[in-house]
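# Structural description and commentary
One letter stands for each residue in the lines below.
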Amino acid sequence: WGNTRPDFGRQAVREYIVENQRQWTNDFRVSGFRWDSVLNMRTTNWGDNPDGWSLLQWLNDDLDANQPWKINIAEDLQNNSWVTRPTSQGGAGFDSQWSNFVHNVRAALKTSDDNQRNMFSVRDAINERFNGNAFQRVVYTESHDENANGKQRVPSEIDPANPASYWAQKRSTLGAALVMTAPGIPMIFMGQEFLEDGWFADNDPLDWNKATVHAGIVQLYKDLIRLRKNTQGSTAGLTGQSLNTFHVNNSNKVIAFHRWNNGGSGDDVVVVANFRNTTYNNYRIGLPRSGGWSVAFNSDWSGYSSLFGNLFSPNFQAGSQAHDGMPFSGTVNLAPYTALILTKD
């Protein structure tokens, strides 16, 4: 950008950039690219830059034509659905783009006053998608931008004095649960899985000792990834497009949403998240189907951290009492700042 912006209308410049992409994919076999500051390629200080836009289209068409299984991701952050719309429709043709999910969710995680958490903003972050496709967005709570430029990693934003405190561990892992269960492509930042703190700088190495000190938090991320990928065959809903954010309680600061692919046993998933420093016993939520529901994940498990309360929430049978606009319902126990992942037996 600024004085360093290439002349995207000059053929030699365009070919140089496209051939760089080909070299990285063909010779170095990279899986794909995240394009920095696409906004500054497609616009200038004076408005739209059609040369930049057409170059982005060429780059995406070229990758799709030669290695369509690889991914091109845009960092644009303007909620512009045209960035991920097909070039045949006039779009830039990116496969996915970084999402503003991060802004709403980080705001809800880092504030110290429970009453200031806006569950409707969290709902909007979960519901966001581009062109009707949930996977056209990348969801995250930490990135090199969010952890620098005057900002710190999530645990340090939550508790600057003690980024390994109960509050920092609880709310940062609550954010991790949303990243891995909200529709989209989940992304974690280096060291996030072992509570790396402070701010990101390229001359500040990761403290790998934290991976041992916080081995339980590492396991929490592993468990979330396993569920997100449906490796056990019980959470196919987390791989699907369908979403219903059916419970938004802005007083109790509880949100719940239903994810499904085809629906039914081994597919339906319900996620319940408590954003308040309050324990709720027998908290009722709606459910899409009758029969047995299992608690596949409980972020309050003491195996993840000795600081966690280990509040047990048992498996249960959904009752016929309608609730939240759903035909069935059940009750769960929710510890402070905790996420539960429920699966249909």
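Here the structure is shown first, and the text comes after it.
Cut-offs used in this document
- Residues numbered from 1 in each chain as written.
- Predicted model: local features only at pLDDT ≥ 70, side-chain atom pairs only at ≥ 80, totals over all residues.
- Heavy atoms only, no water.
- Pairing = 2+ DSSP bridges.
- Helix = DSSP H or I, 4+ residues; strand = E, 2+ residues; numbered from the N terminus.
- Salt bridge = Lys/Arg side-chain N within 4 Å of Asp/Glu carboxyl O.
- Buried < 20%, exposed > 50% of the residue type's maximum accessible area, 1.4 Å probe, protein only.
- Axes fitted to C-alpha atoms, helices over the stretch in contact; angles between N-to-C directions.
- Parallel < 35°, antiparallel > 145°, perpendicular 65-115°, else oblique.
- Left-handed = near helix turned anticlockwise from the far one by under 90°.
- Contact = heavy atoms within 4.5 Å.
- Nonpolar A, V, L, I, M, F, W, Y, C, P; charged D, E, K, R; others polar.
- Polar contact = N/O pair within 3.5 Å; in protein donor to acceptor, adjacent residues only side chain to side chain.
- Expected span 1.5 Å × (residues − 1).
- Arc of directions from axis to C-beta.
- Phe/Tyr/Trp six-rings, centres within 6.5 Å; stacked < 30°, edge-to-face > 60°.
- Lys NZ or Arg CZ within 6 Å of the ring centre and 35° of its normal.
- Core = buried A, V, L, I, M, F, W, Y, C linked by side-chain atoms within 4.5 Å.

Let us now look at the pairing of strand S4 (residues 71–74). Across 4 bridges, strand S1 (residues 32–35) lies against S4 in parallel orientation. If you follow Arg34 over to S4, its bridge partner there is Ile73.

So, on to the pattern of salt bridges. Two side chains that carry opposite charge are able to pair once their charged atoms sit near each other. Going through the model one piece at a time under the given rule, you end up with 16 salt bridges. With a closest N to O distance of 2.7 Å, Asp36 and Arg34 form a salt bridge. On the basis of relative accessible area, Asp36 is assigned to the partly exposed category, the value being 37%. Residue Arg34 is classed as partly exposed on the basis of its relative accessible area, which comes to 28%. With a closest N to O distance of 3.0 Å, Arg137 and Glu128 form a salt bridge. Comparing Arg137 with Glu128, the two get one shared label, buried. When salt bridges with common partners are traced through the structure, they connect Glu196, Asp197, Asp207 and Lys210 into a single cluster.

Turning our eyes to something else, we now look at the packing of helix H1 (residues 11–26) against helix H3 (residues 50–66). Their axes nearest at 10 Å, the elements H1 and H3 cross at an angle of 30°. Judged on the interaxial angle alone, H3 and H1 are roughly parallel. The crossing of H1 and H3 is right-handed. Of the residues in H3, those in contact with Gln11, Arg14, Glu15, Ile17, Val18, Gln21, Arg22 and Thr25 of H1 are Asp51, Ser54, Leu55, Trp58, Leu59, Asp62 and Leu63. Class assignment of the residues belonging to the contact of H1 with H3 gives a composition of 6 nonpolar, 4 polar and 5 charged.

A separate point is the sheet that holds S4. Sheet architecture is open: 5 strands sit in the order S1-S4-S5-S6-S7, paired in parallel fashion. Two strands close off the open sheet at either side, each with one partner strand: S1 and strand S7 (185–186).

Attention now goes to the environment of Arg85. Inspection of the secondary structure puts Arg85 in the loop between S4 and strand S5 (96–98). Arg85 sits in the buried class, given a relative accessible area of 19%. The sequence separation of Arg85 and Ala177 amounts to 92 residues, and the corresponding C-alpha distance is 29 Å. A distance of 3.0 Å separates polar atoms of two side chains, one belonging to Arg85 and the other to Ser81. For Arg85, the side chain forms a polar contact with the side chain of Asn131, separated by 3.0 Å.

This part is about H1. Compared with the 22 Å implied by 1.5 Å per residue over 16 residues, the 22 Å span of H1 between its first and last C-alpha is a close match. Residues of H1 that are buried: Val13, Arg14, Ile17, Val18, Gln21 and Thr25. Taken end-on, H1 shows its buried residues confined to a sector of 130°, consistent with a single buried face. Looking at the buried positions of H1, the neighbouring elements they touch are S1, H3 and S4.

A few words on the packing of aromatic side chains. Going through the model one piece at a time under the given rule, you end up with 10 aromatic pairs. Ring geometry for Phe33 and Trp35: centres 6.0 Å apart, planes at 45°, overall tilted. Joined through ring pairs, the aromatic side chains of Tyr166, Trp167 and Tyr337 make up one cluster. Sitting over the ring of Trp98, Arg34 keeps its end group 4.4 Å from the ring centre. Positioned over the ring face of Phe308 is Lys170, at 4.7 Å from the centre of the ring.

Ranked by size, the top nonpolar core spans 39 residues in total, and within it Phe101, Val122, Leu178, Leu224, Phe275 and Phe297 carry the most contacts. If you list the elements that add at least two residues to this core, you get helix H4 (101–110), helix H5 (119–127), helix H6 (154–158), helix H7 (166–181), helix H9 (215–228), strand S9 (254–260), strand S10 (269–274) and strand S15 (339–344). The greatest single-element share of this core, amounting to 7 residues, is contributed by H7. Once residues within four sequence positions are removed from consideration, Phe275 is found in contact with Ala108, Leu109, Asp114, Arg117, Met119, Val122, Leu174, Leu178, Lys253, Ile255 and Tyr337.

Quick look at the sheet that holds S15 now. Strand order in the open sheet made by the 6 strands is S8-S9-S10-S15-S12-S13, with antiparallel pairing throughout. Each edge of the open sheet carries a strand with a single partner, namely strand S8 (242–249) and strand S13 (316–318). Across this sheet, the average inter-strand angle for adjacent strands is 25°, counted without regard to direction. Bridge count for S9 against S10 is 6 bridges, and the pairing is antiparallel. Residue pairing across strands places Ala256 opposite Val272, the latter belonging to S10. On top of the sheet, H5 reaches S8 and S9; it is set at about 175° to S8, its chief contact.

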